[in-house]
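This is what each chain is made of:
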Amino acid sequence: MSEHIHIRREGPAGRITLTRPKALNALSYEMAMAVDAALNDWAGDPGVAFVMMDAEGEKAFCAGGDIQTLYDKGRAGDFDYGRTFWRDEYRMNARLAEYRKPIVAFLQGFVMGGGVGLGCHASHRIVGDSTRIAMPECGIGLVPDVGGSLLLARAPGRLGEYLGLTTDRMGGADAIRAGFADTYIPEEGWEALKTALVETGDLSAIQTAAIIAPEVALAERQDRIDAIFGQPDLPTIVAALEADGSDFALSALKALRRNSPISMAATLELLAELRRSAAGIREALRLEYRFTARAMEHGDFLEGIRAQIIDRDRNPQWKHRLESLRPEAEAMLAPLGQDELAF
């Protein structure tokens, strides 16, 4: 059991609480494995009617994975540590997405990367005014992973491409529109709702407490997003943004010029493949793992972490430029043979 997570039984609920608020509840390998073990134990326990996930602190449910160790191991040439981390985390993500009992997740503050994999595959995803959900992986040399690629592929129109490439943050209402959340409930009522759920086991209390989310910014931009981010490749998307010239387009263009070109090109390939195949969570995770398994050794991950987290100079020296990268992206997503992710 990790010291940064509290797992227990309360009435009919199996409860999982992240207890690392000073680190924005960043998800370590040990925390992820504790979640996986608890879900496995409760799956066959008739005394557990549903699972409830939440986190301490107001700033974040979970702002992502704990990548400091990943960086240190990668810099030392230990690429297998990262492969093990991602492989086992992705298996936990699949267990969450396929769980046969309801899972209620309270998603306050930052919910990013690994936090999306933890909270956004739940059956009942609750957001509030503080919620900020994002898939920031292209900014650190990865692709949207932890099953986030599947959520992006299923988002309306081309919101998936927009959110994946720009790493833009969604408020609660936008997260509901994009399919990352289900229900908006004012956060001042969350503790009372948790108590009611534990005491009664009646999940209908969630809908009783729900209100209409106050605003949906993405809805106003849907047509423009679809037109621009529906282009077939990264250079054409860049050209469309340049031609548009609006404040929205210029902001998106700035993000694309900041993020890893190979990651963005691979993200486009990944989302296109998931749509073509109408894939489920396991196939999405397999495709993601093909990229992440190579990301330290052959991609931009270590440089992305250096620039964003370690040195914080915000000046990554990516391996590629914003040009046609389809062959390189396809190589990063090529089958891994005997090293393919298995469940």
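Residues numbered from 1 in each chain as written. Predicted model: local features only at pLDDT ≥ 70, side-chain atom pairs only at ≥ 80, totals over all residues. Heavy atoms only, no water.

Asker: Would you mind showing me how to read the overall build of the protein here?
Answerer: Counting its secondary structure elements, the protein contains 16 helices and nine strands. A compact globule built from 343 residues would reach a C-alpha radius of gyration of about 20 Å, and the protein, at 19 Å, matches this within 12%. Structurally, the protein occupies a C-alpha span of about 55 × 45 × 40 Å along its principal axes. Within the protein, the proportion of its 343 residues that are buried is 55%. Expressed as a percentage of contacts within the protein between residues at least 6 apart in sequence, the contacts between residues at least 24 apart total 75%. Averaging the coordinates of the 38 positive side-chain charges in the protein and doing the same for the 50 negative ones gives two points 2 Å apart. (Helix = DSSP H or I, 4+ residues; strand = E, 2+ residues; numbered from the N terminus. Rg over C-alpha atoms; globule rule 2.2 N^0.38 Å. Buried < 20%, exposed > 50% of the residue type's maximum accessible area, 1.4 Å probe, protein only. Contact = heavy atoms within 4.5 Å. Lys, Arg positive; Asp, Glu negative; His and termini not counted. Charge placed at Lys NZ, Arg CZ, Asp CG, Glu CD.)

Asker: Looking at this structure, I do not really get the sheet that holds strand E6 (residues 110-112). What am I missing?
Answerer: The strands making up a sheet are joined through hydrogen bonds of the backbone, oriented either antiparallel or parallel. Pairing in this open sheet of three strands is parallel, and the strands run E4-E6-E8 from one edge to the other. The open sheet has two edge strands, strand E4 (60-62) and strand E8 (132-134), and neither has a second partner. Neighbouring strand axes in the sheet, compared pairwise and without regard to direction, differ in orientation by 15° on average. One ladder, built from three bridges, connects E6 with E8; its direction is parallel. Following the sheet pairing, Met-112 is matched in E8 by Ala-134. (Pairing = 2+ DSSP bridges. Axes fitted to C-alpha atoms, helices over the stretch in contact; angles between N-to-C directions.)

Asker: Mind showing me how you'd approach the side chain of Ser-149 here?
Answerer: Assignment of secondary structure puts Ser-149 in helix H5 (residues 148-154). Within the local environment of Ser-149, its side chain forms a polar contact with the side chain of Glu-288, the two groups lying 2.5 Å apart. Setting aside anything within four residues of it in sequence, one finds Ser-149 in contact with Pro-144, Leu-270, Leu-271, Leu-274, Ala-284 and Glu-288. (Polar contact = N/O pair within 3.5 Å; in protein donor to acceptor, adjacent residues only side chain to side chain.)

Asker: Just checking my understanding: could you explain the packing of aromatic side chains for this structure?
Answerer: Any pair of aromatic rings gets described here by the distance separating the centres and the angle formed by the planes. All told, the structure shown has seven aromatic pairs when counted by the stated rule. Here Tyr-90 and Tyr-289 contribute two aromatic rings whose centre-to-centre distance is 6.2 Å and whose plane-to-plane angle is 85°, an arrangement assigned as edge-to-face. Of the two residues, Tyr-90 sits in helix H3 (residues 79-98) while Tyr-289 sits in helix H14 (residues 281-298), which places them 199 residues apart along the sequence. Among the aromatic residues, those joined into a cluster by ring pairs are Tyr-29, Tyr-81 and Phe-85. (Phe/Tyr/Trp six-rings, centres within 6.5 Å; stacked < 30°, edge-to-face > 60°.)

Asker: Explain the sheet that holds strand E5 (residues 103-107) to me, please; I cannot follow it from the model alone.
Answerer: The six strands are arranged E1-E2-E3-E5-E7-E9 in an open sheet whose pairing can be described as mixed. Edge positions in the sheet fall to strand E1 (5-10) and strand E9 (183-184), since each of these pairs with one other strand and no more. Here E1 runs beside strand E2 (residues 13-18); their pairing, made up of six bridges, is antiparallel. Pairing of Arg-9 across the sheet is with Gly-14, part of E2.

Asker: What exactly am I supposed to notice about the pattern of salt bridges here?
Answerer: Oppositely charged side chains may form a pair once their charged atoms are brought near each other. Taken as a whole and judged by the stated rule, the model has 24 salt bridges. Connected through salt bridges with shared partners, the residues Arg-8, Glu-10, Arg-15, Asp-54, Glu-191 and Lys-194 form a single ionic network. (Salt bridge = Lys/Arg side-chain N within 4 Å of Asp/Glu carboxyl O.)

Asker: Is there a simple way to think about the side chain of Asn-259 in this case?
Answerer: Structurally, the position occupied by Asn-259 is in the loop between helix H12 (247-258) and helix H13 (261-277). Once residues lying within four places of it in the same chain are set aside, the contact partners of Asn-259 are Cys-138, Gly-139, Leu-165, Thr-166, Thr-167, Met-264 and Trp-318.

Asker: Even after reading the chapter, I still don't get the nonpolar core, so can you show me in this structure?
Answerer: Soluble, globular proteins show a tendency: their nonpolar side chains are buried together. Of all hydrophobic cores here, the largest spans 100 residues; its most connected members are Phe-180, Phe-229 and Phe-301. In this structure Phe-180 touches Val-116, Cys-120, Arg-125, Ile-133, Met-135, Gly-148, Leu-151, Leu-152, Met-170 and Ala-175, once residues within four positions along its chain are discounted. In terms of nonpolar packing, the next biggest core, distinct from the first, is built from 13 residues, Trp-190, Leu-193, Leu-197 and Ile-206 among them. (Core = buried A, V, L, I, M, F, W, Y, C linked by side-chain atoms within 4.5 Å.)

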